[in-house]
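# Structural features, examined
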Amino acid sequence: MDEVSCTHDIVMKDLCAICGKDLRIKDDNVTKSVTPTSARVAMIHHVPELVVSKNLADELGAKEYEQVLQNRKLILLVDLDQTLIHTTNRLSKKYEARNDLFRFQCQDGLYFTKIRPHTREFLENMNRLYEMHIISFGQRYYAHQIAKFLDPDGKLFSQRIMSRDELTSGRHKTNNIPALFPCPDQRKLIVIIDDRDDVWEYSESLVRIRPYKFFADVDDINAPPTAPRGSVKKLEAEETADGKEPDEGSKAEVEKRDVTPPPLTPSPTIPEDSDDVLEDVERVLTEVHRAFFEHYDKTKEVTDICAIVSYMRKQVLKNEVIALSGIVPIGYPKKRSLVYRLCEQFGATVVDEIDEKTTVLIAARPSTEKVRMAIKKKIDVVTPEWLFTCSAKWLNVPKSDFSHHGLDIKHFRERREAGNQSPKLSDLESLSKEEMKSMTDEIDAELGGETSSSESENEAEDDEKGSDTEGEVEGQPIVEVKKHTEEPSSEGDYEANKVLLAKLKAGEGDTDDEEIDERLRNGEIDSRKRRRRSESPENNDEPDSKRFSTDYTEDNFENEEEDGSDDDLDDEMLAAIERQS
């Protein structure tokens, strides 16, 4: 075909694979493609430089779709790291003697890979039901090297291997699906197995597998970076730096990621000797294949695999009403937690509080209030491992195998009272009279020396000053009431009063108010109010203790305030000093 009439439907590195025309213009400064062409779809997994036009891609996709159905197969996308294998580049000494590790050299060092138990049997059985493709975040050489370990003869995957170098996104694997399977009907046949659901943007066709972790100190060495909430410009800058042109799919990915929850923590791994996960996954995939072709044979209609997988998943726990205790951290949105998502995905109803409809309580520890209520209502209390096992096997496994040990209401009360409550006073044993007397004697013995010495000192003081109980009549002590109008105790006090009286009479302004207040408080001078009471004839019969009492009530103060000008402070001082002088 000549260059003029060629539509350049197949292009390899800017060269038309049909007519051979160079679609670039070269000069001293720039080399770029200028010839218009419709070739934009990269259909070959490991050769992204080979692109075809949209029309040709749809035609080829339709042929592949018909071929897959004729072979009575579906399409299975398989992840590598922590799904079928586990790899490390830092081998611990305890693994050096093992002979079941695969070793290979990459540009950045030596790698060691352990294949998951039952992997070979799983791949052989699935090859009869599915056309399998590898989709990995590992580099191209890494992915193809692992494929050689898993498929030495190239019968299982052939060249259907896509690595990080071919993916258009460094965080999601979904962008390349329309290019690999351009026919929309093809995409209805896809089932996915992976240990992470966030990289597939939580697709309903995903069968999430429990992660395989053989090397204890190593996680997924090819895990994608955490997807931040960014803009289209940031994504474009990253992809342009990698030599990739951002397309509309990439922009749509960013917009979707802004509302997509962050990656969830993977479910716990299981020991090597009891890892039968692939056997359970094989059973699920076999059932999906059977359900699809059973419907297809009856109706000749292609059912979307997403609907079949979602329906089967929700049948696992459809009759369970689950409450959670101690699972979701305080303040963390429960709908973003792994346990909550698994409950909903597998058909269970999640409730906040325990009621008569609750069938099971998933508790992180056996000492919460919800656990006590569940025991009282005879509701099964299980560990989170029950849910993880149900989701891995796609079966509602017996709850008795995952219950908290020793849970009954009596044991719960004993543990709670022993750990969280103080002993009650009613539970303490009372002391007998003999024990009380013994305790009193011990105290007297310890304090005996100090008591004797203090009593001797007090007796000596009484001899010098006189007993404070002298004047007792018939065993009743006479209460001495101290009068507030005591005589000056010395000649100096008498002279001070005369000076103060002279100042008040002269009306001098330098009278020390503090001195007057001090004498009032000490009772050395009387207020006019108190003196008037003492001189009043009707009050002469009142007892001294009542007449001179300083314990004023609220009524006393209110009555004094009503006296008005009679309580003038200067007049009281003056009258008191005149009387005492």
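Data block above holds the structure.
What comes next concerns the included structure. (Residues numbered from 1 in each chain as written. Predicted model: local features only at pLDDT ≥ 70, side-chain atom pairs only at ≥ 80, totals over all residues. Heavy atoms only, no water.)

## Examining the nonpolar core
Within the largest apolar cluster, 84 residues are counted, with the highest numbers of intra-cluster contacts made by Tyr130, Leu285 and Trp386. When residues in this core are grouped by element, the largest group, nine residues, is from helix 8 (residues 277-299). Look past the residues within four positions of leucine 285 in its chain and what remains in contact with it is Leu76, Phe122, Met126, Tyr130, Val191, Ile193 and Val207. Of all hydrophobic cores here, the second largest spans 11 residues; its members include Leu361, Ala363, Ile375 and Val381. (Core = buried A, V, L, I, M, F, W, Y, C linked by side-chain atoms within 4.5 Å. Buried < 20%, exposed > 50% of the residue type's maximum accessible area, 1.4 Å probe, protein only. Helix = DSSP H or I, 4+ residues; strand = E, 2+ residues; numbered from the N terminus. Contact = heavy atoms within 4.5 Å.)

## Observations concerning the pattern of salt bridges
Scanning the model with the defined rule gives 23 salt bridges in all. The closest approach of N and O atoms between arginine 140 and glutamate 166, which form a salt bridge, is 2.6 Å. With arginine 140 in helix 3 (residues 140-150) and glutamate 166 in the loop between strand 12 (161-162) and helix 4 (177-180), this residue pair connects regions lying 26 residues apart in the sequence. In this structure arginine 140 comes out as partly exposed when scored by relative accessible area, which is 30%. With relative accessibility at 5%, the residue glutamate 166 sits in the buried group. (Salt bridge = Lys/Arg side-chain N within 4 Å of Asp/Glu carboxyl O.)

## Topic: the packing of aromatic side chains
Summed over all chains, the structure comprises 12 aromatic pairs. When the centroid spacing of 5.7 Å and the interplanar angle of 15° are considered together, the rings of phenylalanine 104 and tyrosine 111 count as stacked. Judged by its relative accessible area of 4%, phenylalanine 104 falls in the buried class. Under the relative-accessibility criterion, tyrosine 111 is labelled buried at 8%. The structure contains a cluster of three or more aromatic residues connected by ring pairs, namely Phe102, Phe104, Tyr111, Tyr142 and Phe149. Cation over ring: lysine 114 sits above phenylalanine 214, and NZ or CZ is 5.3 Å from the ring centre. (Phe/Tyr/Trp six-rings, centres within 6.5 Å; stacked < 30°, edge-to-face > 60°. Lys NZ or Arg CZ within 6 Å of the ring centre and 35° of its normal.)

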